[in-house]
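# Report on the structure
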Amino acid sequence: MKTTYQTKDILEYFDISRQTLYNWINSNLITKPNTDWRGWRIWEEQHINEISDIIERNKEKNNEANLNRNTTNKLFHIHNRRYLGSKYKLIPLIKKVIKEECEPYTTFADIFGGTGVVADAFNAANTKVIVNDILYSNYISYHTFFSNEPYDKRKVKNLIIQLNNIRPENDNYFSINFGDTYFSYKNALKIGEIRETIEQWSNNDIINHREKSILITSLLYAMDKVANTCGHYDAFRKTIDSGATPIKLLLPSIKDNYNKNNEFYKEDANLLVRKIKADIIYIDTPYNSRQYSDSYHLLENVARWEKPEVIGVARKMVDRSDIKSAYCTKKAPFVFKDLIDNCDCKYIIVSYNNMAQKGNGRSNAKISDGEIIETLQSKGTVKVFDTDYKYFTTGKSTIEKHKERLFLCKVN
Ligand SMILES: C[S@@+](CC[C@H](N)C(=O)[O-])C[C@H]1O[C@@H](n2cnc3c(N)ncnc32)[C@H](O)[C@@H]1O
């Protein structure tokens, strides 16, 4: 015998109003049910399936509407990502030191740019910024935030909505290699499909170089929000939440009016300083043996999209030799000296975290405070500031108490 239900069961089970149910019958969205001898409707399995389908479809439509609404209204900012050694919180100190010690200036170079947040803080109508990093994934973001190459904002907005609405069906490079590792399988599938779509749009001249950079940057920032990590890709958490937040791309907030003469590079800083001239050069090297190419290999992989073989539990690209930094090795004091010797500027500002003493351990600093000061003194007059904007002498014992310091050198 068929299982049947009364109207009140249906209303209760699906949590819908009587009016909604009748509207669906009247607009033929569900089959009209038979009635019993009392005139009461008899609901069967077929109706249950039809009603479930309508509710599912409506849910998806609502999700899409929300997604589109959020994509259109919400912007992401250059600092909205997790990055080892980001100086976002140090910006007030850097600004204060520069205001009181280095004005006037018209060119600011951030040659170990990372996220680019420091350069961004100085990107203004009357200031040209020069930003650089060895990682392509950072360079592409500079192209988004600092370039004056034209882009069609409305078109980018619509493309982001399209990317957010992609529903991939087949496995791809990213889902095969990264599904259920740093990302839920569903997100990995979507990331791969989004990245491939951007590549196709670029190959077919649907988007220009700037628009491509914006879309990739938007993807990289969105990935950071749903990654199953503590902000870098050396390891992922073992338990994947299968219902992890779905990835959602947003539009970047770009200071279009200020991006007039900026320059951005993807070069070894030691080579770059031989070519550029700036009023202020800001230097924020890695300070221990953790290579950024190891921590951000995955973003590098997505940004370049050459689909290389990946190995090990951490799924790193086999060849990362071109993005290894000498600042994470024993050579650090020597390359630092070479860098400073070749800076062509009025002021040099160095950030160097002294959480750990110099040594050979993984988290030991690679350059001692003494070496930094001695090197800078060979170029000019040196002052050191801490986060309370306390200027203190360069005697070693005083410096050690301070975690974040700025070394300022007024070049002779
Ligand atoms: C401490 S982080 C900079 C963080 C940055 N100030 C911020 O706030 O986001 C150091 C950066 O230097 C880059 N790097 C390392 N060696 C480099 C080199 N030889 N030339 C240029 N960049 C390098 C790394 O990729 C990393 O992004």
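Just so we're clear, the structure is a prediction, and the values are computed from it rather than from any experiment. (Residues numbered from 1 in each chain as written. Predicted model: local features only at pLDDT ≥ 70, side-chain atom pairs only at ≥ 80, totals over all residues.)

### Overview of the overall build of the protein
Going by this rule: The way it works is that DSSP assigns letters per residue, a run of H or I at least four long becomes a helix, a run of E at least two long becomes a strand, and they are numbered from the N terminus. Using C-beta atoms placed from the backbone, we call a residue buried if 20 or more other C-beta atoms fall within 10 Å of its own, exposed if 12 or fewer do, and partly exposed for counts in between. Residues are treated as contacting if the C-beta atoms built from their backbones sit within 7 Å of each other.
Helix and strand counts for the protein come out as 16 helices and 14 strands. For the protein, with 412 residues in total, the buried portion stands at 36%. A separation threshold of at least 6 residues defines the contact pool for the protein, and within that pool the share at least 24 residues apart is 73%.

### A word on helix 15 (residues 369–377)
This is how the line gets drawn: Taking the helix axis as origin, the arc is that swept by the directions to the C-beta atoms.
Here helix 15 has its buried residues at Asp369, Ile372, Thr375 and Leu376. Relative to the axis of helix 15, the buried residues are bounded by an arc of 135 degrees and lie together on one face.

### Re the packing of helix 6 (residues 136–146) against helix 13 (residues 297–304)
The criterion, for reference: An axis is simply a line fitted to the C-alpha atoms; with a helix, the fit covers only the stretch in contact. Between two such axes, the angle follows the N-to-C directions and lies from 0 to 180 degrees. Should an angle fall under 35 degrees it is taken as roughly parallel, and over 145 as roughly antiparallel, whereas 65 to 115 is taken as roughly perpendicular and any remaining angle as oblique.
The N-to-C vectors of helix 6 and helix 13 enclose an angle of 55 degrees; their axes lie 8 Å apart at closest approach. By the criterion of interaxial angle, the relationship of helix 6 to helix 13 is oblique. Here Tyr136, Ser137 and Ile140 of helix 6 come into contact with helix 13, specifically with Leu299, Glu300, Ala303 and Arg304.

### Let's talk about the confidence of the model for the protein
The predicted coordinates ought not to be read in detail in places where the model reports low pLDDT. Operational definition: You can read pLDDT as the predictor saying how much it trusts each residue, on a scale of 0 to 100.
A residue-level look at the protein finds 89% of positions with pLDDT of 70 or above and a mean pLDDT of 89. Ignoring residues within four places in sequence, the model shows residues 393–397, a span with pLDDT below 50, making six contacts including any to other chains.

### Some details on the packing of helix 14 (residues 332–341) against helix 15
Stated formally: Two helices crossing with the near one rotated counterclockwise from the far one by less than a right angle form a left-handed crossing, whereas a clockwise rotation gives a right-handed crossing.
Contact pair helix 14 / helix 15: the axes reach a minimum separation of 10 Å and the direction vectors enclose 25 degrees. Between helix 14 and helix 15, the interaxial angle falls into the category roughly parallel. Two packed elements cross with a definite hand, and for helix 14 against helix 15 that hand is right-handed. From helix 14, Pro333, Phe336, Lys337 and Ile340 reach across to helix 15, where they touch Glu371, Thr375 and Leu376.

### Side note on helix 10 (residues 209–226)
Here is the rule: By this rule the span expected of a helix is its residue count minus one, scaled by 1.5 Å.
Taking 1.5 Å of rise per residue, the 18 residues of helix 10 would be expected to cover 26 Å, and the 26 Å separating its terminal C-alpha atoms lies within 8% of that figure. The element helix 10 is extensively covered by neighbouring structure, given that 14 of its 18 residues are classed as buried.

### Observations concerning the pairing of strand 4 (residues 107–110)
Successive side chains on a regular strand alternate, one facing one side of the sheet and the next facing the other. Test applied: For two strands to be treated as a pair, DSSP must find at least two bridges joining them. By convention, orient the strands away from the viewer: a clockwise path from the first strand over the helix to the second makes the crossover right-handed.
Across the two faces of strand 4 the burial is the same, with Thr107 and Ala109 and Phe108 and Asp110 all buried. Relative to strand 5 (residues 128–132), strand 4 runs parallel, the two being bridged by four bridges. Paired with Asp110 across the two strands is Val131, which belongs to strand 5. Chirality of the crossover, the property in question, places the unit of strand 4, helix 5 (residues 117–122) and strand 5 among those that are right-handed.

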